[in-house]
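A look at the structure
These are the residues of each chain, in order.
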Amino acid sequence: MGKAASTGSVRDPLTATTSFACLIVAFSSWFTGGYSSAQINVPQNLIIQWIRQIQCARITDHLAPAGVSLNGTHTDVVLWCSVIAENETSLHLRNNGRLGAIWSMIGCGVMLGVSVGFLVANHLVEWLGFRKTLLVFNVLEMMGSIAAGCGVTARSYELFIIGRFIFGVGNACVVVCGVYVAEISTNNHRGSLNVLATASFSVGILLANVVGLPQLLGTPDNWQHTCWICLVPSLILIAAYRFLPESPRWLCRKQQDTGKLAAVLQLLRGRQNVDADICAIQDELEAAQKLSSQKLSIPDLFRDRFLRKITGICLLVMAAQRLTGFSAVFVYSTEIFRQCGITQALASYGTIILTALSAVVALLGSPLQDIFGRRPMLLGGLFGCALCTAVMVVFTVLTKYAACNTCQYGNLVAMTLFMVCYAVGPASAPFLFTAEMFGMSSRQSASALGYLVNVSLATVITAVFPAMQAYLMEWTFTIFTGITFILAVFLSTVLVETKGKSFLEIQSMLEDRFCAGRKASLESMISQRTDLE
């Protein structure tokens, strides 16, 4: 048997089992993550009015028995019970500090929960395996969705925030999904299948924006039903659980019996002879054990000089993704459009066009990671995002100071191109780099740390962006432009290409560049495996 056929070269087919497993896992993690993050986007004004109505009722119930006049002169009554125009939402968020804080907590509640979930994801995978960990996290997602929905019904924004936080803890399954997809895929399909996950994220954002329209669920009486939609993906994963294969690399680490490992690989590869695949996994495990006989924790990543360098690169890649400004764009896109001078109706549809285009580009462009490589797709996307945000600033300034009525549509075009640039590279490449650049003993910890940094930045940006927008106004995106450009230039000097290479070959290439002293043992293993094949 030739090497190509046995280790996942271009002649290795994409099997139905692998496709099914990746699709189900992506749908139950990345899709729900995208949906929950954008759930509050289009109905933003409805949710803010809902919060004000709740607080107004509480103030009324508190003040009335005390004999305080409720004639509209009391400070709290003015803040919470006065009628505000739809186009004054941003101003009211700035003037009412407590309302702004509540809205920020709702906006970043999911991401805070995800950050907590990342801290335990690595331990759960090591203890339970990928399949059972995904099941546990999806049950938490269901619990969070139910709590959030009940919070709306009970008119409690506190319970709504808690529900989104619990959902976020469960949505930490995205880090498990990323490593799982990388470990069950062949070398030549790893990039495309990874893009499937981030494309699911875009589809989730799209659905959230569509159902949030006034013609569907975006009304005062119906928006609470958007909370129940996230139950569907979790129920699908539970139904499909018994058909999901375990990661072959986890089985190799945890079980001495190669019979089950061979059976799983036969399902994933679509052929009976998987001896070379087993040998490759065992070689990868042996290389990892030379570094450490046990799984490495997150602090361990910084104790070794080589791992410290690779970890730093991956964290910068993760940071670059978020610092493009994408978190701000997709969470607050409707409000951004409105501040650019676009009407509410057009702003809502503009948001939907953006997310639909992002989903289509991600799906159609999924093979590009395996055709052109991860490095050019990531760097090209980052430079494109920097350019688009700069153009957005220019058009926003012209709209405000030069009375350029057509410039607001230039903003729409710039934001659309931003989403395209983001979808083709930065959306998926950082997660793929993190899964590919580490050995078996450090991959899960490195992925958890990378996702934690990614989500932490998203949380901070989501929380502070309303304040940035209120005070910097038309100049807000200059910050993202400058940071993205600087990071893209730096990453162009340190990133390596991982397209089509096995995990062992990637490790050898990285050690040749960053720690040449370790390379000899890896080259010996690769040579021995080639001779065997």
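On a predicted model such as this, the values are computed, not experimentally measured, just so you know.

Once that is clear, we can look at the overall build of the protein chain. Each helix and strand in the protein chain was counted, giving 25 helices and zero strands. Within the span of the protein chain, comprising 533 residues, buried residues form 60% of the whole. Counted over contacts in the protein chain with a minimum sequence separation of 6, partners at least 24 positions apart contribute 80%. Accessible area of the protein chain: about 20,000 Å², with a carbon and sulfur share of 66%.

The topology assignment puts Val360 in helix H17 (residues 344-364). For the pair formed by Val360 and Ala199, sequence separation is 161 residues and the distance between their alpha carbons is 7.9 Å.

Across its twelve residues, helix H13 (residues 258-269) extends 16 Å between first and last C-alpha, which sits within 8% of the 16 Å expected from 1.5 Å per residue. Along H13, the positions that sit buried rather than exposed are Leu261, Ala262, Val264, Leu265, Leu268 and Arg269. Seen end-on, H13 carries its buried residues on one side only, within an arc spanning 165°. Backbone geometry just downstream of H13 places Gly270 in the positive-phi region, at approximately 75°.

Another aspect to go through is the packing of helix H2 (residues 16-38) against helix H7 (residues 130-153). Across the interface, H2 lies against H7 with an axial gap of 11 Å and an inter-helix angle of 40°. Comparing the axis directions of H2 and H7 gives the class oblique. Here the hand of the crossing between H2 and H7 comes out left-handed. Taking contact as the criterion, the partners of Val25, Ser28, Ser29 and Thr32 in H2 are, on H7, Leu134, Asn138 and Glu141.

Attention now goes to the pattern of salt bridges. For the structure on display, the rule yields six salt bridges. Note that Arg269 is salt-bridged to Asp277, the shortest N-O span being 3.4 Å. In this pair, the class of Arg269 matches that of Asp277, namely buried. The salt bridge partner of Arg271 is Asp277, with a shortest N-O separation of 2.9 Å. In this pair, the class of Arg271 matches that of Asp277, namely buried. Several salt bridges converge on common partners, so that one network encompasses Arg269, Arg271 and Asp277.

Nonpolar side chains collect at one region of the surface, where Tyr401, Leu472, Trp475, Ile479 and Ile483 lie side by side and expose about 470 Å² of accessible area between them. On the secondary structure map, Ile483 appears in helix H23 (residues 478-494).

A word on the packing of helix H19 (residues 374-401) against helix H21 (residues 429-436). Where H19 contacts H21, the two axes come as close as 10 Å, and the packing angle between them is 145°. The interaxial crossing formed by H19 with H21 has left-handed handedness. In contact with Arg374, Arg375 and Leu378 of H19, H21 contributes Ala429, Pro430, Leu432, Phe433 and Glu436. Taken together, the residues that form the contact of H19 with H21 break down as five nonpolar, no polar and three charged.

Another aspect to go through is the side chain of Glu246. Checked against the element boundaries, Glu246 lands in the loop between helix H11 (231-240) and helix H12 (248-254). A distance of 3.1 Å separates a polar side-chain atom of Glu246 from the backbone nitrogen of Phe130. At 3.5 Å, the side chain of Glu246 forms a polar contact with the backbone nitrogen of Arg131. Residues contacting Glu246, with those up to four places away along its chain left out, are Gly129, Phe130, Arg131, Tyr180, Leu251 and Val264.

We now examine the confidence of the model for the protein chain. Across the protein chain, the average pLDDT comes to 79, with 83% of residues at 70 or higher. Mean pLDDT values for the elements of the protein chain range from 40 in helix H1 (residues 3-7) up to 92 in H23. Between residues 520-526, whose pLDDT stays under 50, and residues either more than four places distant or in other chains, the model counts 15 contacts. In the model, residues 528-533 has pLDDT below 50 throughout and makes 14 contacts with residues more than four positions away in sequence or in other chains.

This part takes up the packing of aromatic side chains. Applying the stated criterion across every chain, the model contains 13 aromatic pairs. Taken together, a centroid distance of 4.8 Å and an interplanar angle of 75° make the contact between Trp30 and Phe431 edge-to-face. With Trp30 in helix H2 and Phe431 in helix H21, the pair connects residues that are 401 residues apart, well separated along the chain. Just as Trp30 is buried, Phe431 falls in that class too. Geometrically, the ring pair formed by Trp50 and Trp223 is edge-to-face, given 5.3 Å between the ring centres and 75° between the ring planes. Here the residue Trp50 occupies a position in helix H3 (residues 44-63), and Trp223 occupies one in the loop between helix H10 (190-211) and H11, the gap between them amounting to 173 residues. For the pair Trp50 and Trp223, one class covers both residues: buried. An aromatic cluster is built from Trp30, Phe118, Phe201, Phe431 and Tyr451, whose rings are joined through pairwise contacts. It is Arg242 that lies over the ring of Phe243; its NZ or CZ is 4.9 Å from the centre.

What follows deals with helix H15 (residues 305-322). Across its 18 residues, H15 extends 26 Å between first and last C-alpha, which sits within 8% of the 26 Å expected from 1.5 Å per residue. Burial of H15 is extensive: 13 of the 18 residues sit out of reach of the surface.

Our focus in this paragraph is the environment of Met142. Within the element layout of this structure, Met142 appears in helix H7. For Met142, a relative accessible area of 17% translates into the label buried. Sequence-wise, Met142 and Ile229 are 87 residues apart; in three dimensions their C-alpha atoms are separated by 10.0 Å. The contact partners of Met142, leaving out residues within four places of it in the chain, are Leu231, Ser234, Leu235 and Ile238.

What counts and what doesn't
Position numbers for residues count from 1 along each chain, tracking the sequence in the order it is written. Where totals are concerned, whole chains, interfaces and linings use all residues; where local detail is concerned, this predicted model gives features only for residues with pLDDT of at least 70, and gives and counts side-chain atom pairs only at 80 or more. Side-chain measures here rest on the full set of heavy atoms in the structure, leaving out hydrogens and waters. Strands here are runs of E lasting at least two residues and helices are runs of H or I lasting at least four, both read from the DSSP assignment and numbered beginning at the N terminus. Residue exposure (1.4 Å probe, protein chains only): buried if accessible area is under 20% of the type maximum, exposed if over 50%, otherwise partly exposed. The contact rule is simple, with two residues in contact once any of their heavy atoms fall within 4.5 Å. Every accessible area reported is derived by Shrake-Rupley at a probe size of 1.4 Å, with residue values counting cover from the shown protein chains alone. A helix's residues, less one, multiplied by 1.5 Å, set its expected span. Note: the arc covers the axis-to-C-beta directions of the helix. Orientation is described by axes fitted as lines to C-alpha atoms, over the contacting stretch for helices, and by angles from 0 to 180 degrees between their N-to-C directions. Reported orientations rely on four angle classes, namely roughly parallel under 35 degrees, roughly antiparallel over 145, roughly perpendicular from 65 to 115, and oblique for the rest. Definitions for this section: a left-handed crossing has its near helix turned counterclockwise from the far helix by less than a right angle. A right-handed crossing has that turn clockwise. For this document, the term salt bridge refers to a Lys or Arg side-chain nitrogen within 4 Å of an Asp or Glu carboxyl oxygen. Each patch is assembled from residues with relative accessible area greater than 30% and no salt bridge, linking like charges that lie within 9 Å and nonpolar side chains (Val, Leu, Ile, Met, Phe, Trp, Tyr) that lie within 5 Å. Here the nonpolar group is Ala, Val, Leu, Ile, Met, Phe, Trp, Tyr, Cys and Pro; Asp, Glu, Lys and Arg are the charged ones; every other residue, Gly included, is treated as polar. Polar contact criterion, stated in full: a pair of N or O atoms within 3.5 Å, where within protein one must be able to donate a hydrogen and the other to accept it, and residues adjacent in sequence count only if both atoms are side-chain atoms. Residue-level confidence of the predictor is summarised by pLDDT, bounded by 0 at the bottom and 100 at the top. Each aromatic pair joins two rings of Phe, Tyr and Trp (for Trp, the six-membered one) with centres within 6.5 Å, and gets the label stacked for planes under 30 degrees apart, edge-to-face for over 60, and tilted for any other angle. As a reminder, the over-ring test applies to NZ of lysine and CZ of arginine, requiring each to be within 6 Å of the ring centre and within 35 degrees of the ring normal.

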